[in-house]
Amino acid sequence: MNTVTVTASGTYDVLIGHGILPELGGHIKTLLPPTQKIAVVTDETVAALYAKPVLATLTNAGLTPHIYTLTPGETSKNSTVYLSLLNRLAEDGFTRADCIVALGGGVVGDLAGFTAATFLRGIPYIQVPTTLLAMVDSSVGGKTAIDLPHGKNLAGAFYQPTLVLIDTDTLDTLPQEIFQDGMAEVIKYGMLNSPRLLDQLLNDNITQELPTIITTCVSIKRDVVEQDEFDTGRRMLLNLGHTVGHAIEKLSNYTIPHGQAVAIGMTIDTRAAVAKHLCPPDCLHMLDNLLDRYSLPNRTDYSAEAIFQAAQGDKKRRGGDISIVTPRSLGHSELMQIPVEDLLHWIKLGVSS
Ligand code: NAD
Ligand code: GLY
């Protein structure tokens, strides 16, 4: 088992290994000694696969689990489901000594995390991510949120978990296309800060190496979060490919999955960086080869103008400037501020060159 320790407004371990789910109850007993009640927030698909072992480890540790099961998918990450979770916790008599376990993908993690951040002004929560995306990204770093009718993640809080437990065996049941979606985020970490990871992803049989690869990604995220927990600067690096990616998701009415949109976004940013001589062409060749290997797209039919319009509400916009993340060499990217009106030219370079 690998351990990555994150020191932010709380310090916590991210445990990564095969078959470690049965250890969950014991960790909770050690970390939160007065805890009795555990609210396991999950979705129907994940519950059918993993509720039984999770409930078993909790009861074996002398804890009292309550299971709250949601409809799978982004549509559950809303204010109605959030309020119903708060009400369930209140009805079931949860106190600040009790704890929430988020068992599932990023939807469950973001929603359960925001519920934990706000119930009684904050109760502990533990992330048990079961998608690749949630393992390498959403379960670590304390961003919690729900969606509003105006857009994704518009209400939320920075609230760090007490523990993240990643059992890589849960990936065995993940449908291939959802796994591939997570691979876009894994490739992103290589592009950001690890030529070695890029090489490993291109040449190795990653099935054998998933715990190591996930550990590398979590360590890169840890380093960024420790420097900028509240997303005022450096943390925006984690958004490589996301300004364009989010715009493409929005244009497609969320029918293009996040990972595919980010893959296209990373390609557009890298092509633009190469066209502007900010990075050598080998970055683009590497990215193209990796996206091909993991069956991710590198082109879109949307015009640069449409992408630019859809990117107007981006959270990385500050006044007249927007932060974009630019690959500068193989396995190294940097933040760059550009005037919002230059973004259209940037996207045009990325779409057409
Ligand atoms: P998801 O949570 O909807 O999970 C995708 C699907 O996989 C669901 O249908 C789920 O039931 C199923 N599933 C989950 N684990 C499974 C398993 N082991 N076996 C079989 N099926 C399984 O989607 P996601 O891609 O994990 O997360 C997307 C969400 O994460 C978005 O809401 C996004 O905004 C959020 N996010 C948050 C952060 C953050 O820092 N907080 C970062 C990135 C993304
Ligand atoms: N997923 C981006 C972040 O955590 O900042």
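Above this text you will find the structure in question.
What counts and what doesn't
Residue indices begin from 1 for each chain and proceed along its sequence in written order. Both sets of labels track the order of writing: A upward for chains, 1 upward for ligands. Per-residue local features are limited, in this predicted model, to residues with pLDDT of at least 70; the limit for side-chain atom pairs, both in listing and counting, is 80 or more; totals at the level of whole chains, interfaces and linings are taken over all residues. Side-chain metrics rest on all non-hydrogen atoms present in the structure, leaving aside hydrogens and water. We count a stretch as a helix when DSSP gives it H or I for four or more residues in a row; a strand needs E for two or more, and each element gets its number in order from the N terminus. Only C-alpha atoms enter the radius of gyration; for comparison, a globular chain is expected to reach 2.2 Å times N to the power 0.38, where N is the number of residues. For the exposure calls, accessible area comes from a 1.4 Å probe over protein chains only, and a residue counts as buried if that area is under 20% of its type's maximum, exposed if over 50%, partly exposed in between. Throughout, a contact is declared for two residues whenever any of their heavy atoms are within 4.5 Å. Surface accessibility in these figures is a Shrake-Rupley result with a 1.4 Å probe; residues are shielded only by whichever protein chains are displayed. By convention in this text, a residue qualifies as near a molecule or strand provided that one of its non-hydrogen atoms is within 4 Å of it. Polar contact is the term for a pair of N or O atoms within 3.5 Å; when the atoms are in protein, one must be able to donate a hydrogen and the other to accept it, and sequence-neighboring residues count only if both atoms are side-chain atoms. Only Asp, Glu, Lys and Arg are considered charged, only Ala, Val, Leu, Ile, Met, Phe, Trp, Tyr, Cys and Pro nonpolar, and every remaining residue, Gly among them, polar. DSSP-based pairing: two strands are paired if at least 2 bridges between them are found. Interaxial angles span 0 to 180 degrees and are taken between N-to-C directions of axes, which are lines fitted to C-alpha atoms, for helices over the stretch in contact. Criterion for a disulfide: a pair of cysteine sulfur atoms within 2.5 Å. Any Phe, Tyr or Trp ring, taking Trp's six-membered ring, that has another such ring centre within 6.5 Å forms a pair; planes under 30 degrees apart are called stacked, those over 60 apart edge-to-face, and the others tilted. To form a nonpolar core, buried Ala, Val, Leu, Ile, Met, Phe, Trp, Tyr and Cys residues must be joined to one another through side-chain atoms within 4.5 Å. In this count, Lys and Arg are taken as positive residues and Asp and Glu as negative ones, while His and the chain termini are left out. Any carboxyl oxygen of Asp or Glu within 4 Å of a side-chain nitrogen of Lys or Arg constitutes a salt bridge here. The cut-offs work like this: below 35 degrees is roughly parallel, past 145 is roughly antiparallel, 65 to 115 is roughly perpendicular, and the gaps in between are oblique. Note on convention: the crossing is left-handed when the near helix lies turned anticlockwise from the far helix by less than a right angle, right-handed when the turn is clockwise.

Draft legend 1. Here's a closer look at the overall build of the chain. A count of helical and extended segments in the chain gives 13 helices and twelve strands. In terms of overall size, the chain behaves like a compact globule, its C-alpha atoms giving a radius of gyration of 20 Å where 353 residues would be expected to give roughly 20 Å. Judged by the C-alpha coordinates and their principal axes, the chain covers about 60 × 40 × 35 Å. Counting all 353 residues of the chain, 56% fall into the buried class. Across the chain, contacts joining residues at least 24 apart in sequence account for 74% of those joining residues at least 6 apart. Taken as a whole, the chain presents about 14,200 Å² of accessible surface, with 52% of it coming from carbon and sulfur.

Draft legend 2. A look at the site of ligand 1. Around ligand 1, the structure places 26 residues, and the nearest of them are D43, E74, G106, T130 and T131. Between ligand 1 and T131, the relevant distance is 2.7 Å, taken from an oxygen atom to a side-chain nitrogen or oxygen of the residue. K143 is positioned with one of its backbone polar atoms (N or O) 2.9 Å from a nitrogen atom of ligand 1. Starting from 870 Å² of accessible surface for ligand 1 in isolation, the protein chains cover 87%. Take the shell around ligand 1: its biggest share by element is four residues, from helix α2 (residues 44–60). For the shell around ligand 1, the per-class residue count stands at nine nonpolar, nine polar and eight charged.

Draft legend 3. Quick look at the sheet that holds strand β2 (residues 11–17). Across the sheet, which stays open at both edges, the seven strands sit in the order β1-β2-β9-β6-β5-β3-β4 with mixed pairing between neighbours. Since the sheet does not close on itself, it has two edges, and those belong to β1 (2–7) and β4 (64–70), each with one partner. Along the sheet, successive strands turn relative to each other by an average axial angle of 15 degrees, direction set aside. Relative to the sheet, helix α1 (residues 24–31) contacts β2, β3 (37–43), β5 (99–104), β6 (125–129) and β9 (163–167), its axis offset from that of β9 by approximately 165 degrees. Relative to β5, helix α4 (residues 106–118) is tilted by about 170 degrees, and along the sheet it contacts β3, β4, β5 and β6.

Draft legend 4. Structural detail: the state of the cysteines. A full pass over the atoms with the stated rule returns zero disulfides. Here C217 stays unpaired: no disulfide links it, and the sulfur of C283, its closest cysteine neighbor, is 18 Å away.

Draft legend 5. Examining the packing of aromatic side chains more closely. Tallied over the entire structure, the rule returns three aromatic pairs. Ring geometry for Y125 and Y159: centres 5.7 Å apart, planes at 10 degrees, overall stacked. With Y125 in strand β6 and Y159 in the loop between β8 (151–158) and β9, this pair connects stretches of sequence that are 34 residues apart. Using a relative accessible area of 1% as the deciding quantity, one classes Y125 as buried. Classification of Y159 by relative accessible area gives partly exposed; the value is 22%. A ring pair is formed by F158 and F230, whose centres lie 5.3 Å apart and whose planes are at 85 degrees; its orientation type is edge-to-face. Of this pair, F158 sits in strand β8 while F230 sits in the loop between α8 (206–227) and α9 (242–251), placing them 72 residues apart in sequence.

Draft legend 6. Region of the structure containing the nonpolar core. In terms of nonpolar packing, the biggest core is built from 45 residues, with V14, M183, I187, L201 and I214 touching the most fellow members. With 26 residues, the next largest nonpolar core counts I248, I268, C283 and V340 among its residues.

Draft legend 7. Region of interest: unusual backbone geometry. Phi is positive for R121, which is not a glycine, with a value near 60 degrees. Structurally, R121 can be placed in the loop between α4 and β6. Overall, R121 belongs to the exposed group, its relative accessible area being 77%.

Draft legend 8. Molecular detail of the side chain of E209. Along the chain, E209 turns up in helix α8. Put simply, E209 is tucked away with no salt bridge, and the nearest opposite charge, on R196, sits 6.9 Å away. Contact partners of E209, with chain neighbours within four places excluded, come to Q200 and D204.

Draft legend 9. Structural view of the packing of helix α6 (residues 176–193) against helix α10 (residues 258–275). At a closest axis distance of 7 Å, the pairing of α6 and α10 adopts a crossing angle of 30 degrees. One finds that α6 runs roughly parallel with respect to α10. The hand of the α6/α10 crossing is left-handed. Of the residues in α10, those in contact with D181, A184, E185, I187, K188 and M191 of α6 are H258, G259, Q260, V262, A263, M266 and T270. Counted by class, the contact of α6 with α10 contains six nonpolar, four polar and three charged residues.

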